[in-house]
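# Structure at a glance
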Amino acid sequence: MVGIAHYLFHASVWGAGRRYPAELFVDPQARRRGIATAMVERVAKDGDEHGAPRL
């Protein structure tokens, strides 16, 4: 494992739910390889799949 992304789903009274990215860590030796970008993209996709389109 070279990284971890911690995120939450929040309900909203004004529309669809939201994803809240709380923490993102990448091992210093694995940085600058697009890992953080891939994790953020995965968080976005997970939210879309679960009806929480806002990030």
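Report follows, based on the coordinates. Fair warning: this is a prediction, and the values are worked out from it, not measured in the lab. Within any chain, residue numbers begin from 1 and follow the written order of that chain's sequence. Where totals are concerned, whole chains, interfaces and linings use all residues; where local detail is concerned, this predicted model gives features only for residues with pLDDT of at least 70, and gives and counts side-chain atom pairs only at 80 or more. By convention in this description, side-chain values take in all heavy atoms of the structure and omit both hydrogens and water.

### Brief notes about the pattern of salt bridges
- The salt bridge definition used is simple: a Lys or Arg side-chain nitrogen within 4 Å of an Asp or Glu carboxyl oxygen. Using the criterion set out here, one finds two salt bridges in the structure.
- The shortest N-O distance in the salt bridge between Arg19 and Asp48 comes to 3.8 Å. One end of the pair, Arg19, is in strand 2 (residues 18-26); the other, Asp48, is in helix 1 (residues 35-49), with 29 residues separating them in the sequence.
- Assessed through its relative accessible area of 5%, Arg19 is described here as buried.
- For Glu49, the salt bridge is made with Arg42, and the minimal N-O distance between the two is 3.8 Å. A run of H or I in DSSP counts as a helix once it spans at least four residues, and a run of E counts as a strand once it spans at least two, with each numbered from the N terminus. The classification of residues rests on relative accessible area computed with a 1.4 Å probe and restricted to protein chains. Under 20% of the type maximum is buried, over 50% is exposed, and intermediate values are partly exposed.

### Things to note about the packing of aromatic side chains
- Centres within 6.5 Å are what make two rings of Phe, Tyr or Trp a pair, Trp counting through its six-membered ring; a difference in plane orientation under 30 degrees is then read as stacked, over 60 as edge-to-face, and the rest as tilted. Counting across every chain of the model gives one aromatic pair.
- Here Tyr7 and Phe9 contribute two aromatic rings whose centre-to-centre distance is 6.0 Å and whose plane-to-plane angle is 75°, an arrangement assigned as edge-to-face.
- On the basis of relative accessible area, Phe9 is assigned to the partly exposed category, the value being 40%.

### Quick notes on the environment of Arg18
- Structurally, Arg18 can be placed in strand 2.
- Classification of Arg18 by relative accessible area gives partly exposed; the value is 35%.
- Separated by 10 residues in the primary sequence, Arg18 and Leu8 have C-alpha atoms spaced 8.3 Å apart.

### Here we look at unusual backbone geometry
- A positive phi angle is found at Arg32, which is not glycine, with a value near 70°.
- Mapping Arg32 onto the fold places it in the loop between strand 2 and helix 1.

### With respect to a nonpolar patch on the surface
- On the surface, Met1, Ile4 and Phe25 cluster together into a nonpolar patch covering about 400 Å² of accessible area.
- Within the fold, Met1 resides in the segment before strand 1 (3-10). Surface patches are defined over residues having more than 30% relative accessible area and no salt bridge, joining like charges when they lie within 9 Å and nonpolar side chains (Val, Leu, Ile, Met, Phe, Trp, Tyr) when within 5 Å. In short, Shrake-Rupley with a 1.4 Å probe defines the accessible areas, and a residue's cover is counted only from the protein chains shown.

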